[in-house]
Amino acid sequence: RFIAKPCAINLGIQDSGPHRAQPNAILEKVFTSITKSPDGKRLEGLSKQLDWDVRKIQRWFRHRRNQDKPTTLTKFCESMWRFTFYLSIFFYGIRFLWTAPWFWDTRQCWYNYPFQPLTSRLYYYYILELAFYWSLMFSQFTDIKRKDFLIMFVHHLATIGLITFSYMNNMVRVGTLVLCLHDASDFLLEAAKLANYAKYQRLCDAFFMLFGVVFIVTRLGIYPFWILNTTLFESWELIGPYPSWWLFNGLLITLQILHIVWSYLIIRTAYKALMRGKVSKDDRSDVESSSEEEDVTSNSTKGVFSTSSNGSNRINGHVASGQWTEE
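Residues numbered from 1 in each chain as written. Predicted model: local features only at pLDDT ≥ 70, side-chain atom pairs only at ≥ 80, totals over all residues. Heavy atoms only, no water.

Attention shifts here to the overall build of the chain. Within the chain, the regular secondary structure consists of 12 helices and 0 strands. Element order for the chain, N to C, with α for helix and β for strand: α-α-α-α-α-α-α-α-α-α-α-α. Counting every position in the chain, which comprises 327 residues, the buried fraction comes to 53%. Looking at the chain alone, contacts between residues at least 24 apart form 76% of all its contacts between residues at least 6 apart. (Helix = DSSP H or I, 4+ residues; strand = E, 2+ residues; numbered from the N terminus. Buried < 20%, exposed > 50% of the residue type's maximum accessible area, 1.4 Å probe, protein only. Contact = heavy atoms within 4.5 Å.)

Here's what the structure looks like:
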């Protein structure tokens, strides 16, 4: 409110929403009480009742759905908040871990386990991360539902489960490595969204490509060969198969599966961007085309990534660019 909004206004971002649908009591009643996306049969019936052609009614419903979406200013402010958090917590984690012995030797995560001290800096790092992911979990139900709702729900559950479980079992050393690794790319995606909302397209694409490289290196390279290696093999060697070993590693492997899915989507988006000279739209879009084309035509031309409602894109919510970073 006091920082992001003035920044957005100075960048020329207006607090104006999409085109509003003209008032119509009959269509409004159908929209609020029956369906927000009427099928062909209902469209024909409404067309006869109102003496409107079907395309005009389709446009009305599209405009009516879009007018409930947040404005670009709202999405900019949301992304700026996430960018601030991700950047701050990442540098806090790096500063804290730089002097930690287990950052340089992962076997230190298991020496003298479980009798390892919980320092105040480590405690606050954990509590901040846990609070943030709980906020994401709750806000997912109040935000407009996106097509990747289930994937993100599983991701948040796995993340909260891992943070809580590792804290309760005093596996905080390896937990800090997982948290810091995941924060390494998220602020780059939010930076790309900010550039996109401000219409700095080249900067937006540059941030997205950098995000993609960092994401793939950390999630498909460092994570399995550094994190999973120590939790699966080094822990087994040093402390044996403790009772919760299977659950802990099951959650970590679940995250790795999500990393693979998201990496595939990022690579596909980047490839289409290179082929077309711009980043394509996202299947997950919940902001619809404002063109005069029919919904069917509009949907058939969508690519991989597109725009979302609250500017929080996640390929941790992660998706991407031009039109992509709006989620």
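Aromatic ring pairs are defined here through the distance separating the ring centres and the angle between the ring planes. The full count for this structure, using the stated rule, is 27 aromatic pairs. Ring centres of Tyr 86 and Phe 132 lie 5.3 Å apart, and the angle between their planes is 80°; on these two criteria the pair is classed as edge-to-face. Of the two residues, Tyr 86 sits in helix α5 (residues 72-98) while Phe 132 sits in helix α7 (residues 120-142), which places them 46 residues apart along the sequence. As far as the burial class goes, Tyr 86 and Phe 132 line up, both buried. Ring geometry for Tyr 92 against Tyr 125: centres 5.7 Å apart, planes inclined by 50°, an arrangement best described as tilted. One end of the pair, Tyr 92, is in helix α5; the other, Tyr 125, is in helix α7, and 33 residues separate them in sequence. With a relative accessible area of 28%, Tyr 92 lands in the partly exposed category. Taken together, Trp 81, Phe 85, Tyr 86, Phe 132 and Tyr 133 form an aromatic cluster joined through their ring pairs. (Phe/Tyr/Trp six-rings, centres within 6.5 Å; stacked < 30°, edge-to-face > 60°.)

Taking 1.5 Å per residue, 26 residues should reach 38 Å; helix α9 (residues 172-197) reaches 37 Å between its end C-alpha atoms and fits that length. Among the 26 residues in α9, 26 count as buried, and that is most of the element. One or two positions beyond α9, positive phi appears at Lys 199, with a value near 70°. (Expected span 1.5 Å × (residues − 1).)

With that settled, the discussion passes to a nonpolar patch on the surface. A cluster of nonpolar side chains, Leu 118, Tyr 123, Tyr 124, Ile 127, Tyr 167 and Met 168, forms an exposed patch at the surface whose accessible area comes to about 590 Å². When contributions to the nonpolar patch are tallied by element, the ones reaching two or more residues are α7 and α8 (149-168). The leading source of residues in the nonpolar patch is α7, at 3 residues. Relative to the assigned elements, Leu 118 resides in the loop between α6 (101-104) and α7. Under the relative-accessibility criterion, Leu 118 is labelled partly exposed at 38%. (Patch = residues over 30% accessible without salt bridge, like charges linked within 9 Å, V, L, I, M, F, W, Y side chains within 5 Å. Areas by Shrake-Rupley, 256 points an atom, 1.4 Å probe, with all protein chains shown as cover. Salt bridge = Lys/Arg side-chain N within 4 Å of Asp/Glu carboxyl O.)

Let us now look at the packing of α7 against α8. The N-to-C vectors of α7 and α8 enclose an angle of 155°; their axes lie 10 Å apart at closest approach. As summarised for this structure, α7 and α8 are arranged roughly antiparallel, according to the angle between their axes. The two elements α7 and α8 meet at a crossing, and its hand is left-handed. From α7, Tyr 123, Tyr 126, Glu 129, Leu 130, Tyr 133, Trp 134, Leu 136, Met 137, Gln 140 and Phe 141 reach across to α8, where they touch Phe 149, Met 152, Phe 153, His 155, His 156, Leu 157, Thr 159, Ile 160, Ile 163, Thr 164, Ser 166 and Tyr 167. A class-by-class count of the residues in the contact of α7 with α8 yields 15 nonpolar, 6 polar and 1 charged. (Axes fitted to C-alpha atoms, helices over the stretch in contact; angles between N-to-C directions. Parallel < 35°, antiparallel > 145°, perpendicular 65-115°, else oblique. Left-handed = near helix turned anticlockwise from the far one by under 90°. Nonpolar A, V, L, I, M, F, W, Y, C, P; charged D, E, K, R; others polar.)

Glancing now at the UniProt feature "transmembrane region" (unreviewed entry) in the chain. Per the UniProt entry, the sites bearing "transmembrane region" (unreviewed entry) are residues 83-103, 123-142, 207-226 and 246-267 in this numbering. Along residues 123-142, the helical share is 100% and the strand share 0%, with 29 Å between the first and last C-alpha atoms. As annotated, residues 207-226 has a helix share of 100% and a strand share of 0%, and its two end C-alpha atoms lie 26 Å apart. (UniProt positions renumbered as here; feature names shortened; annotations may be inferred.)

So, about unusual backbone geometry. Backbone torsion omega between Tyr 113 and Pro 114 reads 5°, so that peptide bond is classified as cis. You can see Pro 114 is positioned in the loop between α6 and α7. Located in the positive-phi region is Asn 112, a residue other than glycine, with phi close to 60°. Locating Asn 112 in the fold gives a position in the loop between α6 and α7.

Once that is clear, we can look at the pattern of salt bridges. One pass over the structure, following the stated rule, counts 4 salt bridges. The closest approach of N and O atoms between Arg 82 and Glu 78, which form a salt bridge, is 3.0 Å. One end of the pair is Arg 82 and the other is Glu 78, both in helix α5 and 4 residues apart, which spans about a single turn. Take Arg 82: its relative accessible area is 2%, and that puts it in the buried class. Residue Glu 78 is classed as partly exposed on the basis of its relative accessible area, which comes to 25%.

A word on the environment of Trp 246. Here Trp 246 is to be found in helix α11 (residues 245-276). The exposed category is assigned to Trp 246, whose relative accessible area is 60%. In this structure, the C-alpha to C-alpha distance between Trp 246 and Leu 232, residues 14 residues apart in sequence, is 9.2 Å.

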